[in-house]
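A look at the structure
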Amino acid sequence: MNKLSSSAASASASASPSRELILQALVLSLGAAVALGFSRFSYALLLPAMRTTLEWSYAEAGSLNTANALGYLIGTLSTARLAARMGIGQCFWISLLLTGAGLCATGLTENFTALLITRLLTGVTCAFTFISGATLASHLARDGHGGLVLGLYFGGVGTGIFLAGLGLPQAMEYDARLWPYPWMVMGLLTFVAVYVARPVALKVPTGSHHAAKAAAWRFPAQLLPALAAYFLFGLGYISYMTFIIAYLRSGAVSTWAITGFWLLLGGSVFASAFVWQGLLDKAKAAGYALASVLAVVALGTALPLFSTSLPAVLISGLLFGGAFLTVVTAVTNIARCALPAHDWASGIALFTLLFSIGQTIGPMIAGVLADRSNSFTSGFALSASCLALGAILALMQKAQGTPQSVTLR
């Protein structure tokens, strides 16, 4: 009886994550908060003020996010090699530090070329931070609770979005010329994040990084529908996140409504990791979970085209925020289920490459369309169409296998 009680207690302990594990995951999520929540998505809040003050066209405004996405693409292609050379933990905190410097630098110049270069370089460091942080979270969850740990890590993006929305819309409404200061404040907050996260990042056991090897690139033809869907997702979602605030302002949506929209979007991003978990586990390698999530993102993107009333704006933020980050989880799930373990790295890298190409060209296309039509309607319609087409293609993705275990070293 005592043995049974002891075994039950042990099983219960292993089933419940420790406070330390949860705290470590939350600390690592600061990297996701900075890399995407601050560096990339807060630009949407500051874009109207920067465009007005600096007298940009919409194409020029979009090109700054294109530069950031291009930098992210470059960083994506080189993160694995850099982390293998210097260690994942070192890569995480140093790139986070450099991202903070890039955010500060963005607020120190009004020169368009200098801003392009700053956004490009910050995109590179953000990729290093986000990917190495996700890798650390994966190692942190090697003994179980992967869904919770990764959910908390990716939820950090929502935390960054939420924090950026506290006061930014009101400050920009008060005086558009104040736009440099939020960049510098976010940079300083990033330095605080480095101070907090560095000890945790260096303590996570990741094995010998010198043993890491670059995976050979292979094109998994059986995943073509999912690959195409993910490219269209990158093309569609980034235009919404770049121009949604400018679009709402052009529709005379109040500053407080915009604040509520942004805070709701950030909060729903954090909650999304838990909302979709059941469907993702059930779908395994099939594409219907990816299709479902993309359909929700498409609906959230299209809704402001029909109405900019407060309920419509808030529902748009809830739908978009509650689904768009889950697309990343869904395609990772498909790749891990459909490919043998030794092809995971190259398969996920290919997904990321196509996604990065999509999000690199998306803002520029939307900006050009906005300049030509003097309206965001055509750009948003194109984004929603890309996302809807992606959902249709995802339905064509057939299950190719079952999940395989992997030992993280």
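Refer to the structure above for everything that follows.
The sections below set out a description of the structure shown in this document. In every chain, residue numbers begin from 1 and rise along the written sequence. Two thresholds apply to this predicted model, a pLDDT of at least 70 for residue-level local features and 80 or more for giving and counting side-chain atom pairs, whereas whole-chain, interface and lining totals are computed over all residues. To obtain the side-chain values, all non-hydrogen atoms of the structure were used and water was disregarded.

Some thoughts on the packing of helix 3 (residues 43-54) against helix 10 (residues 224-250)
For helices, the fitted axis covers only the stretch in contact; all axes are lines through C-alpha atoms, and the angles between them, taken along N-to-C directions, range from 0 to 180 degrees. Strands here are runs of E lasting at least two residues and helices are runs of H or I lasting at least four, both read from the DSSP assignment and numbered beginning at the N terminus. The geometry of helix 3 relative to helix 10 is characterised by a closest axis approach of 7 Å and an angle of 50 degrees between their N-to-C directions. As far as their axial angle goes, helix 10 and helix 3 are oblique. Between helix 3 and helix 10 the crossing geometry is right-handed. Only Met-241, Thr-242, Phe-243, Ile-245, Ala-246 and Arg-249 of helix 10 make contact with helix 3, whose side of the interface consists of Tyr-43, Ala-44, Leu-45, Leu-47 and Pro-48. Angle categories are assigned with fixed cut-offs, so that under 35 degrees is roughly parallel, over 145 is roughly antiparallel, 65 to 115 is roughly perpendicular, and the rest are oblique. Take the far helix as your reference; a near helix turned counterclockwise from it by less than a right angle gives a left-handed crossing, and one turned clockwise gives a right-handed crossing. Throughout, a residue-residue contact means that at least one pair of heavy atoms, one from each residue, lies within 4.5 Å.

Side note on the packing of helix 13 (residues 288-306) against helix 17 (residues 377-395)
Direction vectors running N to C along helix 13 and helix 17 enclose 165 degrees, while the axes themselves pass 8 Å from each other. Regarding the angle of helix 13 to helix 17, the classification is roughly antiparallel. Relative to helix 17, the crossing made by helix 13 is left-handed. Touching Tyr-288, Leu-290, Ala-291, Leu-294, Ala-295, Val-297, Ala-298, Thr-301, Ala-302 and Leu-305 of helix 13 are Thr-377, Phe-380, Ala-381, Ser-383, Ala-384, Leu-387, Ala-388, Gly-390, Ala-391, Ala-394 and Leu-395, all from helix 17.

Concerning the side chain of Thr-76
As for its placement among the helices and strands, Thr-76 is situated in helix 4 (residues 58-86). Beyond its immediate chain neighbours, meaning those up to four positions away, Thr-76 contacts Ala-127, Ile-131, Thr-352 and Ser-356.

Focus on unusual backbone geometry
Look at Glu-55: it is not a glycine, yet its phi comes out positive at around 60 degrees. By secondary structure assignment, the location of Glu-55 is in the loop between helix 3 and helix 4.

Looking at the environment of Leu-224
If you trace the backbone, Leu-224 turns up in helix 10. Residues Leu-224 and Met-396, spaced 172 residues apart in sequence, show a C-alpha to C-alpha distance of 9.2 Å.

Let's talk about the nonpolar core
For our purposes a nonpolar core is just a set of buried Ala, Val, Leu, Ile, Met, Phe, Trp, Tyr and Cys residues, chained together by side-chain atoms within 4.5 Å. Only protein chains enter the calculation, and the probe is 1.4 Å; a residue is then buried if its accessible area is under 20% of its type maximum, exposed if over 50%, and partly exposed in between. Trp-262 and Leu-290 are the most contacted members of the largest nonpolar core, which totals 110 residues. It is helix 10 that contributes the most residues to this core, 15 residues altogether.

Side note on the packing of aromatic side chains
Classification of ring pairs rests on two measures: the distance between centres of Phe, Tyr or Trp rings, Trp counted by its six-membered ring, which must be within 6.5 Å, and the angle between planes, read as stacked under 30 degrees, edge-to-face over 60 and tilted in between. For the structure on display, the rule yields 19 aromatic pairs. Between the aromatic rings of Tyr-230 and Phe-233, the centroid separation amounts to 5.9 Å while the plane-to-plane angle is 10 degrees, which identifies the pairing as stacked. Highlighted residues: Tyr-230 and Phe-233, both in helix 10, separated by three residues, approximately one helical turn. Residue classification places Tyr-230 among the buried positions, given a relative accessible area of 4%. Here Phe-233 falls in the buried class, since its relative accessible area comes to 2%. Pairing Tyr-247 with Phe-380 gives two aromatic rings, centres 4.8 Å apart and planes at 25 degrees, and the pair type is stacked.

It is worth stressing that arrangement in space is one thing and function is another; only the former is reported here.
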